[in-house]
Amino acid sequence: QVQLVESGGGLVQTGGSLRLSCAASGVIFDSDIMGWYRQGPGKQRELVATITRAGSGNYADSMKGRFTISRPVYNIVNLQMNSLKPEGTAVYYCNLKRFRDADYWGKGTLVTVSS
């Protein structure tokens, strides 16, 4: 059983920055991969970035150079978002992937990027 809670969403201007955080509770394994996905209005959910416990990050191409994912402790994953664009307006979801198990998801935190 895993629960994920996001925080840090809000309103930001184009070009601005925002930092999201996700805290996981329950049983967390070293092999669990945590990360962020987002879903904008009328769009499908898409990958933002993921990270292993060892700190190996994986980013969607459009996020590279602007977003930074980190995992300071085993159950915390942060997302520093810089140079935000209007298309970044979305609900951002924390995700945990476990081998041979379904994904776990947070309820999401809304990020609104004004133009």
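From a predicted model like this one, the values you see are computed outputs, not experimental measurements.

Criteria and cut-off values
- Residues numbered from 1 in each chain as written.
- Predicted model: local features only at pLDDT ≥ 70, side-chain atom pairs only at ≥ 80, totals over all residues.
- Heavy atoms only, no water.
- Disulfide = S-S within 2.5 Å.
- Helix = DSSP H or I, 4+ residues; strand = E, 2+ residues; numbered from the N terminus.
- Buried < 20%, exposed > 50% of the residue type's maximum accessible area, 1.4 Å probe, protein only.

1. Quick notes on the state of the cysteines
Such a bond, covalent and formed between the sulfur atoms of two cysteines, is termed a disulfide.
Part 1 of the argument: Using the criterion set out here, one finds one disulfide in the structure.
Part 2 of the argument: A sulfur-sulfur separation of 2.0 Å characterises the disulfide bridge that pairs Cys22 with Cys94. With the S-S dihedral at roughly -85°, the linkage between Cys22 and Cys94 falls on the left-handed side. With Cys22 in strand 3 (residues 18-26) and Cys94 in strand 9 (residues 90-97), this pair connects stretches of sequence that are 72 residues apart. An identical accessibility class is assigned to Cys22 and Cys94; each is buried.

2. Some remarks on unusual backbone geometry
Part 1 of the argument: Even without a glycine there, the phi angle at Ser83 is positive, about 50°.
Part 2 of the argument: Within the element layout of this structure, Ser83 appears in the loop between strand 8 (76-81) and strand 9.
Part 3 of the argument: Note on Ser83: relative accessible area 39%, which makes it partly exposed.
Part 4 of the argument: We note that Arg100 has phi near 55°; this positive angle belongs to a residue other than glycine.
Part 5 of the argument: Following the sequence through the fold, Arg100 ends up in the loop between strand 9 and strand 10 (104-105).

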